Amino acid sequence: MAHFIMHKNTYETFLQAQGPQGSLQGILLSPYPNPKNVILIIPGSGPTDRDGNNPLGVNASTYRLLAENMALNDIATLRVDKRGMFASSAAVTDTNAVTINDYVEDVRSWITVLKQHLESPCIWLLGHSEGGIVALAAAEERDVYGLIVVATPSSPLGEVLRYQFKANQENAILLDDALFVINELEHNRRTNVQNMHPALQRIFHPAVQGFLMDIFSFNPSHLIARITKPVLILQGQRVLQVTENDARKLKSANPKSTLVLLPDVNHVLKEVHSADRCENNSAYTNASLPLAPGVVDAITEFMTHNALRH
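Residues numbered from 1 in each chain as written. Predicted model: local features only at pLDDT ≥ 70, side-chain atom pairs only at ≥ 80, totals over all residues. Heavy atoms only, no water.

A word on empty space enclosed by the protein. Scanning the entire structure with this criterion turns up one cavity of 30 Å³ or more. A volume near 140 Å³ is recorded for the largest cavity. Surrounding the largest cavity, 16 residues form its lining, Ile42, Pro43, Val80, Tyr103 and Asp106 being those nearest its centre. Broken down by secondary-structure element, the contributors of at least two residues to the lining of the largest cavity are strand S4 (37-42), helix H2 (100-117) and helix H3 (130-138). (1 Å grid on protein atoms, 1.4 Å probe; cavity = no way out; pocket = protein on both sides within 12 Å on 5 of 7 lines; lining within 4 Å. Points joined across faces, edges and corners; volume = space filled by probe spheres on them. Helix = DSSP H or I, 4+ residues; strand = E, 2+ residues; numbered from the N terminus.)

Here is the structure:
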């Protein structure tokens, strides 16, 4: 089921896919009625919507801006709401009772819809942050042509969280408890956090501990090593969550992949000119800021180069 709205030079089509209990919802933005190349954008962690925003303080509209810019470069995008969230709220009753493989199943559902809706589409997966892990786990799906992983960790998420807690001096008061909880979850042991700092109660809430135990078991470097399809590793050098070292480790694990490092680009793909955390964080709430220079060009060049072999 789909209906579309034609804007100036673009077609916006509302699509839905089959979810476990109800429909998944997404928007296909295309320069043509029947595009050849289409990117399925897989959102990052938490309650992140199809535009790349979430109610926890992110309003950068990264995925919407990416979709609009890719359309200008003759590439279509499908951006989606995660199961149980926003327009996909009917898909499951408990948004926290989810695994990475559940998200991979949703990728399969969206691929089926794209194949039904378009004629012989060349489907690419773009995973941002946590979505990069989903993309890596889904890469071997038969109809996936290539992969773009953006600001994606190279290590299991438990190790990433350890790094993040240690890297920010403001977390000193939380560190011992945080490291304890991470270790317990890595060993598939649920942990009582009710007497811990409110920040840790939120991050390691009992409702999400099942998901954390699941995602901790995925090693992105191991996943990318077995992929034989084209892979672009895109990393901003102002990203606070993961580092250039992560991107280089992913590249080492898959030497045939393409690595693009973008200076002055942060996690939400906006331009940041200094190491100042306040400047970096302010970009998360500014949808009027354009995407940083180089982001769209890197993706377009990678797809154009590799599509020649399709």
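With respect to burial, strand S6 (residues 122-128) is a largely interior element, seven of its seven residues being buried. Residues Cys122, Trp124, Leu126 and His128 line one face of S6 and the alternating positions Ile123, Leu125 and Gly127 line the opposite face, and both faces are buried. With six bridges connecting them, S4 and S6 associate as parallel partners. From the neighbouring strand, Asn37 faces S6, where its bridge partner is Cys122. Bridge count between S6 and strand S7 (residues 144-150): six bridges; the pairing is parallel. Following the sheet pairing, Trp124 is matched in S7 by Gly146. Handedness of the crossover joining S6 and S7 through H3 is recorded here as right-handed. (Buried < 20%, exposed > 50% of the residue type's maximum accessible area, 1.4 Å probe, protein only. Pairing = 2+ DSSP bridges. Right-handed = clockwise from strand over helix to strand, strands pointing away.)

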